[in-house]
Amino acid sequence: MPILYKQKGRLSAKEQSAARLENFRKEVSTDCHTIPLEELCNRFDTDPVAGLTPAKAKEVLLLTGPNSLTPSKKKSQIIKYIETLFHGFSALLWIGALLCYISVLIQYLHSDKRKMDMDNVVLGAVLIVVVIATGSFTYYQERKSQTIMDSFARMVPAKATVIRDSTPVTIESRDVVLGDLVDLKFGDRVPADVRIIQCQSLKVDNSPITGESEPQSRSTTSSEDNFLESRNVAFFSTNVVEGTGRGIVIACGDQTVMGRIAGLTARLQPNKTPMAKEFERFMRIISIWAITLGVVLGVTCLILGHSVIKTLLFSIGMIVANVPEGLLATVIVCLTVTAKRMASQNCLIKKLESVETLGCTSVICSDKTGTLTQNRMTVCHVWYNGKVMEIDFNNLRKIPKPPELGFRNLIRCATLCNRAEFVSSDDNKPILQRQVRGDASEGAILKFVEVLNILGKNFKNSNPKLIEIPFSSTTKYQISVHALENKKCLVAMKGAPEVVLERCSSIFHRNETKEMTPDLLQQCNSACLEFAEMGQRVLGFCDLQLDDSYNPNSKFTVDPANFPQRGLRFLGLIAMIDPPRPQVPDAINRCKTAGIKIAMVTGDHPITAKAIAIKVGIITEGLIHQFTTAQAVRNFKTRYSDPGAVVVHGLVLKELLQEELDDLLFDHPEIVFARTSPTQKLQIVEGYQRLGEIVAVTGDGVNDAPALKKADTGIAMGIAGTEVSQQAADIILMDDNFASIIIGIEEGRRIFDNLKKSITYTLASNVPEILPFLAYAFLGIPLPLGVVAILCIDLLTDMMPAISLAYEKAETDIMLRPPRNPLRDRLVNRKLYFLAYGNLGMLEALGAFLVYFLIMAEFGFMPARLLNIRDDWESYRKLNDSYGRPWTHSQRKVVQNTCSTGVMMSVVVTQWTNLVACKTRVNSILVQGMGNMVLNVSLLVETLLTAILSYTPYMYYLSFYPLSWWWWIYALPFSILLLLYDEYRKWHIRKYPKGWYQRETFY
């Protein structure tokens, strides 16, 4: 029953949305297509001839509301933008900026000269700029994927023709109501869910709703209890592609099948991506680590007798020093680089985090039509003269030339009895690429006979059609009479094999016409059954040359037919299928090698789905179970020890409990779901997610939209995909090719590995940034590394090298590993922290302190003189060096900033080899090589940037001073030591796979 408008006011907007979501999740349950017509008319108070009266239509419209889709509550773009700015890791940077300004305020209030701490002012401003820049970029990237309901709305027809009080009236489709009598014709878009009560050769394109690739014939009788499969129903927003008809509206707006899909898709909340979860976890760890260090430092400072204000400043400084300012920008740019690389290989990324999510996919729920297959019917087998010929369009040379008479007769009939024709604008294209106007099966036959070119190009024109009875779902055949060049007449018929055979009394067999014996009939039926079991669509062909009483000038009539329609001669069978894409079997094999399960989820027939699944390798050879009842699923475990592969009908899913569905998904690695509804596709995705799987879903129709939205990664088709599916998806395959997904998976795994390397590289430089501050606090030495220098390391010199690791080639075993477990295989783990902070970072820090103390010594301040000198150093009094020479405050500032520049240079020099070391996790650099040219250039760029900061005039405004050339050499031993140490570590891991280095440092 429709939802009444008066009831809406009783619930809050949030409650209404939740209630609608639960309602949309339910399968369509109605008897409007099965009850007698008289009962239907009584139910809706309508007339099958006159339709509704205008007054009644107005009354119903006031009661049920307009025939439109109710939009979900939209969030303001400003709110979305603000959420992006404060989402995940960005929140940590905001906290860092806030602490900077708190520190500035405290120092300003407690400073004798009320002097502003410009270093922290700059640091806070830079953090805010980083957050706004990365947030704005992310918002821009994802904004275009927020218009799902708009794309549904564009599918709604603007006008509809209804019969009101026996008069045809064209009205706005939003004014169509329950019980309206709707007039349908070729080219119309169905304005609501309609039960057909009159039709003539009516066909509709149901592909957006059910996924069926061919137009579906409609009739006035119910063919199925299942509403979605019944032939007497036309669905809201589907197109009429042939014929005419009338029907009574049985559902409007949100209650239509399309409306339910739209409502479900718009209100579903997708799961957080694994990458988003990783960033939240990383943020928690960094926050806890930074706060812990800050608290420990603060307590220690108080114990050592520092004032509360100074202790607070030290604690804030330590917390801020632990914030990796450049990491967020590095990750965003790395993901963007990978997204662009995938776009060049026909994978368009709409949501950056989906790049990595695809890499950890463990289950792919794939649609069949257009993804695994080519979405075009193609002739694959021909049966004539009692034998089967397999058709391979890449190798037609095996067809005998000249062709056998039986084959020629079959091709003649297939050519003449065909209404399809090529679109004239495609004349210059190859035959197989030309567009066809007409039925998909007839188009396949037209291309087949044209490629063969056995009869000549003008054969059809030379043997014109005199009369024709078109194909209909009632008769299941098409018959036509043609004038032959020899002035004779030929009857040609094609149709369902059982119908054609029933009208034949003879057969052309072994190059002669013979009587149709029971044995020959059995051969024909066996061939039909064999093709049908392979999921192929089969058409039978027969002909009859008329005697001399008929000639091209005879007046032929259809009603009644005045030419023979029985006693015909059977010629053979042509079988067609939507063939698999040639790259798909290899792609699926690679998926299985990579530990990824593939499940086919299609609206097509189980036999066709199983046949394609076997061809592409989703189902491998072995035991195949076909479940037709829920009880069969429940009894399965007790009867079979080998799970094998299974084919499950959508009607079975309807009856299964959630736990039973989960067991089914868990027990069977090879599974095909056929005749599934949009809700069932969603249930399958949610079932796999409950099992802890990372699910990718492919689809091209409106019916796929809910599953695409709910999946961890939704993958839509770029060519055949509807706008709705593309809006709901995270990734669009621009070539509609399943094989492109493999490229995406490999890239996703590659970027996860490379992000780990980038993070290791970035975190290692945190140690020579943090330890100088600790030495400043505990040892009382002048600050070795200033805030501006830290910013230049994090956001300038380190940025390009960290990003360059995104270009590093994948390790050789990347597609041989199982998918990563998001609960166990973390982006940042204890081993990575230990390697970055406890190994590589320590070596960098040693080099930094050596450079600091050596430069200070050259200025006259020996290490012993520097201890506990901090307060005197920062005062405005003169201070003597180790040789007794006095230094003013401004002179000491120059020395300190020169040392800070030197320490920054030292970090850059040790980061050279750290970058090379981070190229691999276990392989030697001698094996990996230096083929990453972006990385090689980045080494030069960071060195050049350091030189610019040091040697460019007026850089002292940023606290940078020129360095003597030999100071660069001081850090080189530690840089070389770092590389040698890391090579030894990797050698030890390769040599002793269970050794200490493997356990503690292999991240």
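Thresholds, definitions, all that
Residues numbered from 1 in each chain as written. Predicted model: local features only at pLDDT ≥ 70, side-chain atom pairs only at ≥ 80, totals over all residues. Heavy atoms only, no water. Helix = DSSP H or I, 4+ residues; strand = E, 2+ residues; numbered from the N terminus. Expected span 1.5 Å × (residues − 1). Buried < 20%, exposed > 50% of the residue type's maximum accessible area, 1.4 Å probe, protein only. Phe/Tyr/Trp six-rings, centres within 6.5 Å; stacked < 30°, edge-to-face > 60°. Lys NZ or Arg CZ within 6 Å of the ring centre and 35° of its normal. Core = buried A, V, L, I, M, F, W, Y, C linked by side-chain atoms within 4.5 Å. Contact = heavy atoms within 4.5 Å. Axes fitted to C-alpha atoms, helices over the stretch in contact; angles between N-to-C directions. Parallel < 35°, antiparallel > 145°, perpendicular 65-115°, else oblique. Left-handed = near helix turned anticlockwise from the far one by under 90°. Nonpolar A, V, L, I, M, F, W, Y, C, P; charged D, E, K, R; others polar. Pairing = 2+ DSSP bridges. pLDDT = per-residue confidence, 0-100. Patch = residues over 30% accessible without salt bridge, like charges linked within 9 Å, V, L, I, M, F, W, Y side chains within 5 Å. Areas by Shrake-Rupley, 256 points an atom, 1.4 Å probe, with all protein chains shown as cover. Salt bridge = Lys/Arg side-chain N within 4 Å of Asp/Glu carboxyl O.

What follows concerns helix 14 (residues 405-416). In this model, helix 14 (twelve residues) spans 16 Å end to end at C-alpha, consistent with the 16 Å of a helix rising 1.5 Å per residue. Among the twelve residues of helix 14, ten are classified as buried, and the element is accordingly described as predominantly covered. Regarding helix 14, the residues found buried are Gly406, Phe407, Asn409, Leu410, Ile411, Arg412, Cys413, Ala414, Thr415 and Leu416.

Right, let's get into the packing of aromatic side chains. A complete count under the given rule lists 26 aromatic pairs for this structure. Here the aromatic rings of Phe859 and Trp967 are separated by 6.4 Å at their centres, their planes lie at 55 degrees, and the arrangement is tilted. With a gap of 108 residues between them, Phe859 in helix 31 (residues 830-859) and Trp967 in helix 37 (residues 967-970) connect regions that are remote in the sequence. For Phe859, a relative accessible area of 22% translates into the label partly exposed. Trp967 sits in the buried class, given a relative accessible area of 5%. Lying over the aromatic face of Tyr807, Arg341 brings its terminal NZ or CZ to 6.0 Å of the ring centre.

The next point concerns the nonpolar core. Counting residues in each nonpolar core, the largest one holds 125 residues, and the members touching the most others are Ile364, Phe570, Phe738 and Ile745. Here this core takes ten residues from helix 27 (residues 739-764), the largest share from any one element. If sequence neighbours within four positions are ignored, Phe738 has contacts with Ile364, Ser366, Thr371, Leu372, Arg581, Val584, Ala587, Ile588, Cys591 and Ile598. Core analysis: the second largest hydrophobic core is formed by 72 residues, Val60, Cys365, Val648 and Ile684 among them.

Where helix 28 (residues 767-778) contacts helix 31, the two axes come as close as 8 Å, and the packing angle between them is 60 degrees. By the angle between their directions, the pair helix 28 and helix 31 is classed as oblique. Between helix 28 and helix 31 lies a crossing whose hand is right-handed. For the pair helix 28 and helix 31, contact is made by Val767, Pro768, Leu771, Pro772 and Ala775 and by Ala836, Tyr837, Gly841, Met842, Glu844, Ala845, Ala848 and Phe849, respectively. Along the lines of polarity and charge, the residues of the contact of helix 28 with helix 31 split into eleven nonpolar, one polar and one charged.

Both strand 1 (residues 159-164) and strand 2 (residues 167-172) contribute to a ladder of six bridges, which runs antiparallel. Directly across from Ile163, in strand 2, lies its bridge partner Pro168.

With 93% of its residues at a pLDDT of at least 70, the protein chain reaches an overall mean of 86. In the predicted structure, residues 1-9 sits below a pLDDT of 50 and forms 15 contacts with residues beyond four places in sequence or in another chain.

Okay, a nonpolar patch on the surface next. A surface patch of nonpolar side chains, amounting to about 530 Å² of accessible area, comprises Leu105, Tyr108, Leu109, Met116, Met118 and Val122. Among the elements of the structure, helix 5 (89-109) and helix 6 (118-143) are those that each provide at least two residues to the nonpolar patch. Tracing the backbone through its elements, the reader meets Val122 in helix 6. The exposure class of Val122 is partly exposed, given its relative accessible area of 33%.

Right, let's talk about the packing of helix 12 (residues 327-343) against helix 27 for a bit. Where helix 12 meets helix 27, the axes come as close as 10 Å, and the angle between the chain directions of the two elements is 155 degrees. In terms of axis orientation, helix 12 runs roughly antiparallel to helix 27. Crossing hand, helix 12 versus helix 27: right-handed. Every residue of helix 27 that contacts helix 12 at Leu327, Thr330, Val331, Cys334, Leu335, Thr338, Arg341 and Met342 is listed here: Gly744, Glu747, Arg750, Ile751, Leu755, Ser758, Ile759 and Thr762. Partitioned by chemical class, the residues of the contact of helix 12 with helix 27 number eight nonpolar, five polar and three charged.

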